[in-house]
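Given next are the chains, with one letter for each unit.
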Amino acid sequence: MNSSFAIAVRKDPQGRFAVVITDGYINNLGGEKIGEAAHRLIAEGYTRIIINLEKSTVINSIGISVLIEIIEKMEETHGRLAFCHLTRTIQKTFTMMGLVQYASVFETENDAVLGVLADA
Amino acid sequence: MNSSFAIAVRKDPQGRFAVVITDGYINNLGGEKIGEAAHRLIAEGYTRIIINLEKSTVINSIGISVLIEIIEKMEETHGRLAFCHLTRTIQKTFTMMGLVQYASVFETENDAVLGVLADA
Amino acid sequence: MYHAEEPREVSLTIPIVPNMEMAATHTAEAVLRLMRFSSDQIDEVKHALIEACINAFEHSESREGNVYIKFFIDREQLTLTIQDFGAGFETDCVPRPSLVRKLAGSEPKRGWGLVMMESLMDDVHIDSGPQGTRIVMIKKRLEETAE
Amino acid sequence: MYHAEEPREVSLTIPIVPNMEMAATHTAEAVLRLMRFSSDQIDEVKHALIEACINAFEHSESREGNVYIKFFIDREQLTLTIQDFGAGFETDCVPRPSLVRKLAGSEPKRGWGLVMMESLMDDVHIDSGPQGTRIVMIKKRLEETAE
Ligand SMILES: Nc1ncnc2c1ncn2[C@@H]1O[C@H](COP(=O)(O)OP(=O)(O)O)[C@@H](O)[C@H]1O
Ligand SMILES: Nc1ncnc2c1ncn2[C@@H]1O[C@H](COP(=O)(O)OP(=O)(O)O)[C@@H](O)[C@H]1O
């Protein structure tokens, strides 16, 4: 309901992938926090990143533009970005933008893990 | 969030008390539903009734006036009415009205059960 | 981020439609959260606001059919006004409700709205007459949140 | 209960303050739920409304400092207007965003607000000029909920 935003990062013990779990409204500030977390993971060498939006049901276009920066960074390292638990509105928006051509979308975090690890 | 309202009734297998569990905004319609449930229980012979408001965090004065009708009915049958899981605002309001002189207030449903069964 | 120094005003106009007071409480919740009021204070304001709205819905007989709500927030407090252009009422003639009398059956069960507003807000002022009713309610910030 | 036949209008005025678009989405949610729009439709309206509000916040340069939102609901649809009294803009001169160009670094990452509104609403009309900007968006009721 309010505009507070929190983020958690979970790393695969074997270092194959990392999950960024968001909580709250993804506006400019929320987007920036996701961006920072992703850039840190990329700097640490992660090439497979999952963003779990289960607890973020509201996003604005400024927040989304940060996600594009992450995709740009991941393309440079030939990494794979995946999203899971998108609301129908967010999925519709990502599709309209063409974002789903550069990042995979999965129902659950588990599906996303299997997805980013496939043909690895 | 919306104005839908639901009610559930749980009866003690030994018939010593019954719990009315509310869910949603207690306005005139919500109040009426609670009133009907309570009056049915009284008609069935229950003299100890607990109203669990855990899932009702918003109430209006029309809804409250129905609770007074229940107290009135319970007084006639020398019954005991108890409430549990009141928000601070609802507790403050019940206290301001003097309602807590005629009905006991407990933190949890379990406390309320022990309360209405005490000196039974 | 928001700085409590700057006064802010939010206006909401709702039609007289059953349960439309919920639009007012949801607006109140969002606005007061942004303005850093505490959850308990927000809850009290929501309940007082509901009472003022349903009174306008039930009693105002407004032909024009709307209720006008304003949230004015500054460093010290929220000033909330609820106005209708209905028939008005004699504020001095409203009897204080008594639970004892209500349980004795000597007065109607209803009649708790105004005392609820008074109990939940720091100040309530009612201006009512043939031009309608305007309620001004104040909720002071708690010390910690004003800092 | 509410009958969809009667048109209803709700107005909300919010100040230009970061995150104040949340007050608008919460009002929208409560009003549209009462007016029996589906959850998915409400969610789409909320996101379109956010974009219109943050555009007014970011770009309008309004001195007067408010955004005026109106929900007009009838049997067929919601008509939502978002207005500011800012500087306005040339609607014809806004380039369509392209993800390919953005990823190639040849255009800024931002610039998705207007296309989001168009994608989420059934109709979007923008009136903008030196007197400010007024966006009129329409969301039609789904067949089932109109009954
Ligand atoms: N906005 C209003 N317009 C006209 N009359 C009002 C208004 N608000 C309150 N009143 C009058 O004041 C009385 C007391 O209101 P209240 O304490 O809220 O109890 P209740 O609404 O249950 O009667 C109402 O019965 C009504 O006569
Ligand atoms: N209310 C407004 N007042 C002035 N300019 C606006 C307004 N809304 C949109 N614009 C202009 O239209 C452009 C495109 O808006 P939008 O598609 O929402 O993307 P973004 O806000 O990310 O730039 C803005 O950059 C701005 O120049």
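Cut-offs applied
Residues numbered from 1 in each chain as written. Chains lettered and ligands numbered in written order. Predicted model: local features only at pLDDT ≥ 70, side-chain atom pairs only at ≥ 80, totals over all residues. Heavy atoms only, no water. Phe/Tyr/Trp six-rings, centres within 6.5 Å; stacked < 30°, edge-to-face > 60°. Lys NZ or Arg CZ within 6 Å of the ring centre and 35° of its normal. Helix = DSSP H or I, 4+ residues; strand = E, 2+ residues; numbered from the N terminus. Polar contact = N/O pair within 3.5 Å; in protein donor to acceptor, adjacent residues only side chain to side chain. Buried < 20%, exposed > 50% of the residue type's maximum accessible area, 1.4 Å probe, protein only. Contact = heavy atoms within 4.5 Å. Pairing = 2+ DSSP bridges. Axes fitted to C-alpha atoms, helices over the stretch in contact; angles between N-to-C directions. Near = heavy atom within 4 Å. Areas by Shrake-Rupley, 256 points an atom, 1.4 Å probe, with all protein chains shown as cover. Nonpolar A, V, L, I, M, F, W, Y, C, P; charged D, E, K, R; others polar.

Let us now look at the packing of aromatic side chains. Counted by the stated rule, this structure contains four aromatic pairs over all chains. Sitting over the face of the ring of Trp112(C), Lys102(C) holds its NZ or CZ atom 5.3 Å from the ring centroid.

The topology assignment puts Lys109(D) in the loop between helix H3 (99–103) and helix H4 (113–120). Of the polar contacts made by the side chain of Lys109(D), one reaches the side chain of Glu72(A); its length is 3.2 Å. At 2.9 Å, the side chain of Lys109(D) forms a polar contact with the backbone oxygen of Lys102(D).

Glancing now at the environment of Arg134(C). Residue and element names in this part refer to chain C. If you trace the backbone, Arg-134 turns up in strand S5 (residues 132–140). For Arg-134, a relative accessible area of 33% gives the class partly exposed. In this structure, the C-alpha to C-alpha distance between Arg-134 and Asp-84, residues 50 residues apart in sequence, is 6.5 Å. With residues up to four places along the chain from it excluded, the contact list for Arg-134 reads Thr-81, Ile-82, Gln-83, His-125, Ile-126 and Asp-127.

Let us now look at the sheet that holds strand S4 (residues 80–84) of chain B. Residues and elements named next belong to chain B. An order of S1-S2-S3-S4-S5 is seen for the five strands of this open sheet, with the pairing classed as mixed. Only two strands of the sheet have a single neighbouring strand rather than two, namely strand S1 (5–11) and strand S5 (104–106). Within the sheet, the average angular offset between the axes of one strand and its neighbour, ignoring direction, is 20°. Pairing geometry for S1 and strand S2 (residues 18–24), over seven bridges, is antiparallel. Residue pairing in the sheet places Lys-11 in a bridge with Ala-18 of S2. Running over the sheet, helix H2 (residues 61–76) touches strand S3 (48–55) and S4 and is turned about 145° from S4.

Residue and element names in this part refer to chain C. In the vicinity of ligand 1, 14 residues are found, and the nearest of them are Asn-55, His-59, Asp-84, Gly-111 and Leu-114. In the environment of ligand 1, an oxygen atom lies 3.0 Å from a nitrogen or oxygen atom belonging to the side chain of Arg-110. Between ligand 1 and the protein, one listed contact pairs an oxygen atom with a backbone N or O atom of Leu-114 at 2.9 Å. Contact with the protein chains covers 84% of the free accessible surface of ligand 1, which is 530 Å². Of all the secondary structure elements, the ones that give two or more residues to the shell around ligand 1 are helix H2 (39–59) and helix H4 (113–120). Broken down by element, the residue count for the shell around ligand 1 peaks at three residues, all from H2. For the shell around ligand 1, the residue count by class is five nonpolar, seven polar and two charged.

So, about the site of ligand 2. All names here are of chain D. Taken together, 14 residues lie around ligand 2, and Asn-55, His-59, Asp-84, Gly-111 and Leu-114 are the ones closest in. In the environment of ligand 2, a nitrogen atom lies 2.9 Å from a nitrogen or oxygen atom belonging to the side chain of Asp-84. In the model, an oxygen atom of ligand 2 is placed 3.0 Å from a nitrogen or oxygen of the Arg-110 side chain. Relative to its unbound accessible surface of 540 Å², ligand 2 loses 84% to contact with the protein.

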